[in-house]
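Structural description and commentary
So you can see what is in the structure, the chains are spelled out below.
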Amino acid sequence: MSSSTTDQAAPVWSVTEHLEDILATVQPLEPIELQLLDAQGCVLVDEVTVPLSLPPFDNSSMDGYAVRVADVEGASEEFPAVLEVIGDVAAGSPGDLTVGAGQAARIMTGAPLPPGAEAVVPVEWTDGGLGAGPVGTMTPHSASPEGASGEVRVHRPAGARAHVRAQGSDVQAGEQALAAGTVLGPSQIALLAAIGRASVRVRPRPRVVVMSTGSELTQPGEELGKGQIYDSNSFALTAAARDAGAIAYRVGAVADDAETLRSTIEDQLIRADLLVTTGGVSVGAYDVVKEALEHLGDEDEAGSGIEFRKLAMQPGKPQGFGAIGPDHTPLLALPGNPVSSYVSFELFVRPAIRALMGLDEVNRPSVRAALRCEEPLSSPKGKRQFLRGSYDAEAGVVRPVGGAGSHLIAALAQADALIVVPEDTTEVAPGTELDVIPLG
C-alpha cells in the first residue's frame, strides 16, 4: 500500500487494478464457532459430513395402519380385510409393538415402522375402527383411546413399502452434508440441526461501518434548511452492505470538518472490520475526507494510510483505499454523488465484503445482452462507463435507464443492472452486445 498522495501527476488506475489492489489487501476474517442461528448468513469453514442417516429409521409417511402385505391383499370396500388393532405407534414411540399375522398397528406420520409390518395403509382406506365406511381422519386418541384397539376394516390393498420412508432415503451416514464455503441459509441450518449439529465453524459476517460526509446533509425526517439535501448515501450503502451479507452500521452524516471526521472514524474502529465513507474525496476545498485521512495516515504505524486515486471510470473517478488503526482496518473512501457512490460500492465494496466472508466468488456474475435504445450512446474515451439499465433476461436485452449524470438517483431506483461500456469504446449503436451486471 503506497502512502497518501494528492499529486496531480499521479497515474490513473484502471477499475481492474484498483479492485485487484483491494482484494490483495483484504483478508478473510478468522473462523469462529457459532451456534446455528447465530451462524445464519455466515460462510462454512469446514466440510460437514452426515453422522447418521436421515431418516434414521423406516417411518410412516401417512397417518394410518401398519400392516403385513399378505393380510390386505385383495381388500375392497365390499370385501374388506378385517385386522386386529394391537395399539398405537406415535411419532417418538420406542417401537415396542410387533405386527403379526392378521394384526395392524395404528401409526402416525413420522412414527417408526414396527417390526413385522411391511406397509402402511392410509386411514382414508379404512373405516378407522368405527365399523362403517371409509373415514377421512382418525379420531383423536384423547377423545377415543379405544381406537388403538379392537378391529379395523381395510378397503384397499397395499404393496410392500407403501407409504414408508426408508431409512437413509434422504441422506446416508458418511455422505457430505454441506461443502466448505457454503453460505448458511435457513435450509442449510435445518439440515445441520437435523443431523444433530448444535454449532458450526464459520467465518463471521463482516461488520461494516458506513458514514457519509458533508455539511449540506440533513437526516430524513428533519426540516431542510437552505442549501441542504437529505442524506441518502449512508442509507443506500448500509442497505447494500447488508444485502451483500455484512452486519452494517450507519453513522449519521459528518460535517465538513477534518478533525470531527477523524475523531468519528477513530471511534468507529472498535466495531468495524471494514469502513466505508462517501463524499469528500475529490479536489474541492471542502473535501475533508482526503484532509482527515491523509493526516490520519501520517500518524499511523507502517502499513497503514489511505491512498487517493483517479480511476479510468465513469461515474466514480475519485476513489480512496487503504488501512487505518492498530488492526489495519481496511477503509474505502467513495465519491459523494449518489450514483457514483452506489456504482463504486458494487464494484469495490461488495467484493471486499465477500472477500472478508471467505467466499471464492466475490464479483457479481456478468452476462451479455443486446442494447435496446433509440439513439447511439456516447462514452468518454479511455474510461470504462457504467450505465444504469433495465435487464430482460428472457429476451437477452438491456435498456438504459436515465442519463449518465452521477446525481440521477431517481433513475438508479428504476435500474436492476449496470451496463458496461469498455474504455476503448466511444459510441455504442443500438443492438450492440455489451457486458451487463445484473444487480438482483
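Residues numbered from 1 in each chain as written. Predicted model: local features only at pLDDT ≥ 70, side-chain atom pairs only at ≥ 80, totals over all residues. Heavy atoms only, no water.

Observations regarding the sheet that holds strand β1 (residues 12–13)
So the rule is basically this: Following DSSP output, two strands are said to pair if at least two bridges run between them. A run of DSSP states H or I qualifies as a helix once it reaches four residues; a run of E qualifies as a strand once it reaches two. Both are numbered from the N-terminal end.
Spatially, β1-β19-β21-β22-β18-β14-β17 is the arrangement adopted by the seven strands of the open sheet, whose pairing is mixed. Either end of the sheet is taken by a strand with one partner, and the two such strands are β1 and β17 (247–254). Note that strand β14 (residues 207–213) and β17 share six bridges and pair parallel. In the sheet register, Val209 faces β17, and the bridge partner there is Tyr249.

Topic: the packing of helix α1 (residues 15–25) against helix α7 (residues 338–357)
Rules: Axis definition: a line fitted to C-alpha atoms, over the contacting stretch in the case of helices. Angles run 0 to 180 degrees between N-to-C directions. In these notes the angle categories are as follows: under 35 degrees is roughly parallel, over 145 is roughly antiparallel, 65 to 115 is roughly perpendicular, and the rest is oblique. With the far helix as reference, a near helix turned anticlockwise by less than a right angle produces a left-handed crossing, and one turned clockwise produces a right-handed crossing. Here, two residues are considered to be in contact whenever any of their heavy atoms come within 4.5 Å of each other.
Direction vectors running N to C along α1 and α7 enclose 25°, while the axes themselves pass 10 Å from each other. Accordingly, the angle class assigned to the pair α1 and α7 is roughly parallel. Here α1 runs over α7; the crossing is right-handed. Taking contact as the criterion, the partners of Val15, His18, Leu19, Ile22 and Leu23 in α1 are, on α7, Leu347, Phe348, Pro351, Ala352 and Ala355.

Re the confidence of the model for the protein
Rules: A residue's pLDDT is simply how confident the predictor is in it, with values from 0 to 100.
Mean pLDDT for the protein: 89, with 90% of residues reaching 70 or above. Low confidence marks residues 1–7, where pLDDT is under 50. Its contacts with residues over four positions away, or in another chain, come to 17 contacts. The low-confidence segment residues 297–303 (pLDDT under 50) makes twelve contacts with residues lying over four places distant or belonging to another chain.

Section: the packing of aromatic side chains
What counts here: Ring geometry is summarised as follows: Phe, Tyr and Trp rings, the Trp one being its six-membered ring, pair when their centres sit within 6.5 Å, and such pairs are stacked at plane angles under 30 degrees, edge-to-face over 60 and tilted between the two. Only when the NZ of Lys or the CZ of Arg is both within 6 Å of the ring centre and within 35 degrees of the ring normal is a charge said to sit over the ring.
Counting across every chain of the model gives zero aromatic pairs. The ring of Trp125 carries the charged tip of Arg156 above its face, separated from the ring centre by 4.1 Å.

A look at the nonpolar core
Here is the rule: Throughout, nonpolar core names a set of buried Ala, Val, Leu, Ile, Met, Phe, Trp, Tyr and Cys residues whose side chains join them through atoms within 4.5 Å. Each residue is placed in one exposure class: buried if its accessible area under a 1.4 Å probe, protein chains only, is under 20% of its type's maximum, exposed if it is over 50%, and partly exposed if it falls in between.
With 41 residues, the main nonpolar core has Leu274, Phe348 and Ile353 as its most contacted residues. Listed by contribution, the elements that provide at least two residues to this core are α1, β14, α4 (233–243), β18 (274–278), β22 (329–334), α7 and β27 (417–421). In terms of residue count, α7 provides more of this core than any other element does, twelve residues in total. Apart from residues lying up to four places away in sequence, Phe348 is in contact with Val15, His18, Leu19, Ile22, Leu311, Met313, Gln319 and Leu332. Ranked by size, the runner-up nonpolar core spans 20 residues in total, among them Val251, Leu269, Phe308 and Leu331.

Looking at the pairing of strand β7 (residues 81–89)
Residues in a regular strand point their side chains to alternate faces of the sheet. Note: β7 against strand β10 (residues 151–154), four bridges, orientation antiparallel. Paired with Glu84 across the bridge in β10 is Glu151.

As for α4
Which entries qualify depends on this criterion: Taken from the helix axis, the directions to the C-beta atoms give the arc we talk about.
Within α4 the residues assigned to the buried category are Asn233, Ser234, Leu237, Thr238, Ala240 and Ala241. Buried residues of α4 fall within an arc of 160° about the axis and therefore sit on the same side. Turned more than 90 degrees from where α4 packs its buried face, Arg242 and Asp243 sit exposed. On its buried face, α4 sits against β14, β17, β18, β22 and α7. Gly245 sits one or two residues past α4 and shows a positive phi near 115°.

What to know about the sheet that holds strand β2 (residues 32–35)
With antiparallel pairing, three strands are arranged side by side in an open sheet as β2-β13-β3. Each edge of the open sheet is held by one strand with a lone partner, namely β2 and β3 (43–44). Bridge count between β2 and strand β13 (residues 199–203): four bridges; the pairing is antiparallel. Across the sheet, residue Gln35 finds its bridge partner in β13, namely Ser199.

Focus: unusual backbone geometry
Following Leu54, the chain continues into Pro55 via a peptide bond in cis, with omega recorded as -10°. Relative to the elements of secondary structure, Pro55 occurs in the loop between β4 (48–49) and β5 (59–60). That bond from Gln314 to Pro315 is cis: its omega, -5°, falls within 30 degrees of zero. Tracing the chain through its elements places Pro315 in the loop between β20 (313–314) and β21 (318–324). Of note in this structure, His163 is not a glycine but carries a positive phi near 60°. In this structure His163 comes out as partly exposed when scored by relative accessible area, which is 26%.

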